Amino acid sequence: MSEKDNKMEKIVSLCKRRGFVFQGSEIYGGLKGTWDLGPLGVALNNNIKREWWNMFVEQREDMYGLDAAILMNEKVWEASGHTGAGFSDPVVECKKEGHRFRADHLENLDSCPTCGSIFGEVKNFNLMFETQVGPEGDVKSYLRPETAQGIFVNFKNIVDSMSPKLPFGIAQIGKAFRNEIAPREFLFRVREFEQMEIEYFVSEAEWKEEFEKLRLEIQKWHAHLGLSEENIREYEVPENDLAHYSKRTIDFEYNYPGKGFDELAGFAYRTDHDLKSHEEASGVKMRYTPAEGAPFIPHVLEPSFGLGRVMTAVLVEAYTEDEMNGEVRSYLKLPAHLAPYRVAVSPLLKNKPQLVEKAREVFGMLKKEFGNVAWDDNGNVGKRYRRQDEIGTPYCVVIDFDTLGEEQAELKDTVTVRHRDTGEQERIAIAELKEYIK
Ligand code: GAP
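Residues numbered from 1 in each chain as written. Predicted model: local features only at pLDDT ≥ 70, side-chain atom pairs only at ≥ 80, totals over all residues. Heavy atoms only, no water.

Draft legend 1. Fine view of the overall build of the protein. Counting its regular elements, the protein contains eleven helices and 22 strands. Each of the three principal axes of the protein carries a C-alpha extent, and together these read 80 × 65 × 50 Å. A total of 438 residues make up the protein; the buried ones form 50% of that total. For the protein, the computed accessible surface area is about 21400 Å², with 48% contributed by carbon and sulfur atoms. Side-chain charges of the protein comprise 57 positive and 75 negative groups, with the mean position of each set lying 3 Å from the other. (Helix = DSSP H or I, 4+ residues; strand = E, 2+ residues; numbered from the N terminus. Buried < 20%, exposed > 50% of the residue type's maximum accessible area, 1.4 Å probe, protein only. Areas by Shrake-Rupley, 256 points an atom, 1.4 Å probe, with all protein chains shown as cover. Lys, Arg positive; Asp, Glu negative; His and termini not counted. Charge placed at Lys NZ, Arg CZ, Asp CG, Glu CD.)

So this is what it looks like as structure tokens:
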């Protein structure tokens with residue numbers, strides 16, 4: 001096994017062991033293509049979403065938030081083209097044992113790579129999950145395969161209620177579902193996932209200029225996540241490979257261990273395809289009225305991020321092995337704004353009531369300020385450091401006898417702050433701790 005495959009295995013194992021990611025429905029043997037986020041995974045995922053929302057919505061004047069329903073009228077998906085061949089994958093099944101594959105992921109269709117038997121014919125398989133709504137079950141619906149359509153069908157609502165000026169964007173974070181033929185590679189290709197998407201509406205004349213601006217913002221976002229430049233690549237999707245709605249797409253690819261560069265996020269110019277299709281299908285005008293001139297259907301640029309792939313990239317980038325005090329240690333070098341816990345607090349000894357009381361006081365103060373603060377009094381201090389290193393906590397604060405003023409009076413009301421990346425320790429006054437950690 002190569003070192004890179006090994007790295008991914010170590011990360012997957014860490015995710016399970018330390019409460020980041022569990023297999024979906026694990027006690028029943030799992031459900032392929034589903035994963036559950038544990039306490040630390042939720043924290044990391046929420047931090048990524050909060051940073052994204054802050055950067056792409058709150059820090060801008062031209063973005064509007066939305067949270068649309070997952071179940072939508074089936075006509076939405078007919079109009080968008082998702083019920084047709086455009087959202088299908090080619091599937092083949094072998095004749096002997098029924099192994100199924102995506103035909104376009106096989107090197108050739110001569111024989112089944114699992115059992116060697118021949119394949120039946122290639123069929124188109126639509127990736128949407130179909131469901132029935134209501135007790136009669138006569139109303140068909142789909143679990144949305146992208147959050148984007150929720151944005152398009154609300155275009156008029158946003159224009160009417162918020163009076164935005166072009167160019168402007170509508171952003172949404174939410175679940176999406178695809179009945180992938182071959183879910184695989186941890187969070188990379190799953191059947192239920194979260195997306196963070198923006199539909200950025202522009203006039204046709206300005207799409208190229210706005211495309212470049214957004215592309216820079218996406219690059220800044222990846223830097224904000226701590227992803228290094230050499231692990232990110234922009235891939236210009238060739239014309240014959242573009243999605244049915246796109247005239248230009250750049251895939252932002254990440255260098256996943258054991259896999260190499262593959263799609264992290266997509267950035268597409270979708271023209272006026274979606275608004276035009278919805279206008280035609282619904283009969284409702286999907287137009288923007290400029291200060292001067294006639295109403296028109298805007299064109300759209302779409303940055304689309306899958307949270308599972310972002311989270312995997314963040315974990316890969318953060319996973320580090322080094323040697324500390326003569327021992328190999330593995331830790332997550334997460335940026336402080338993404339770490340599940342910002343700081344962990346512990347009393348040097350958990351059987352000394354004065355230490356515990358003081359440590360609880362410091363913990364309460366920090367928790368009120370930061371929220372994501374861990375209390376850790378298990379094992380000895382060395383073990384606590386290792387545990388916190390492994391989940392990426394940037395600082396550990398330890399309350400000891402000096403804090404109580406019992407050993408060196410001048411150190412009273414100071415604590416040890418230990419740094420994750422270097423293992424260095426400093427003495428900081430409790431009164432300055434909040435500011436220091438900030
Ligand atoms: N609205 C456009 C759209 O959905 P996409 O390229 O199909 O475009 C966008 O998906 C992003 O969603 C991808 O870059 C990826 O990060 C994520 N994604 C798509 N399918 C996925 C799957 N089966 N599992 C995990 N993430 C997925």
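The discussion continues.
Draft legend 2. Quick look at the packing of helix α2 (residues 39-58) against helix α8 (residues 307-318). Where α2 contacts α8, the axes come no closer than 11 Å and their chain directions differ by 105°. Relative to α8, the element α2 lies roughly perpendicular. For the pair α2 and α8, contact is made by G41, L44, N45, I48 and K49 and by L307, V310, M311, V314 and L315, respectively. (Axes fitted to C-alpha atoms, helices over the stretch in contact; angles between N-to-C directions. Parallel < 35°, antiparallel > 145°, perpendicular 65-115°, else oblique. Contact = heavy atoms within 4.5 Å.)

Draft legend 3. Up close: helix α7 (residues 273-282). By the burial criterion, the buried members of α7 are D274, L275, S277, H278 and E279. Where the residues of α7 are buried, they touch α3 (74-80), α4 (148-153), α5 (155-162), β11 (192-202) and β14 (260-271). With its phi angle positive at about 80°, G283 sits one or two positions after the end of α7.

Draft legend 4. Focus on the sheet that holds strand β21 (residues 414-419). Spatially, five strands are ordered β19-β18-β20-β21-β22 in an open sheet, and the strand pairing comes out mixed. Only two strands of the sheet have a single partner each, and these edge strands are β19 (373-375) and β22 (425-429). Strand after strand, the sheet turns through a mean of 30° between neighbouring axes, direction not considered. Direction of pairing for strand β18 (residues 343-347) relative to strand β20 (residues 395-399): parallel, over a ladder of five bridges. (Pairing = 2+ DSSP bridges.)

Draft legend 5. Structural view of the pattern of salt bridges. All told, the structure shown has 41 salt bridges when counted by the stated rule. Between E217 and K220 there is a salt bridge, and its shortest N-O distance comes to 3.0 Å. Here E217 and its partner K220 are both found in helix α6 (residues 207-224), three residues apart, which amounts to about one turn of the helix. Residue D272 pairs with K276 through a salt bridge whose shortest N-O separation is 4.0 Å. On the basis of relative accessibility, which here comes to 16%, the residue D272 falls in the buried class. On the basis of relative accessible area, K276 is assigned to the partly exposed category, the value being 38%. Overlapping salt bridges, with partners in common, bring together E212, R215, E234, E236 and R248 in one network. (Salt bridge = Lys/Arg side-chain N within 4 Å of Asp/Glu carboxyl O.)

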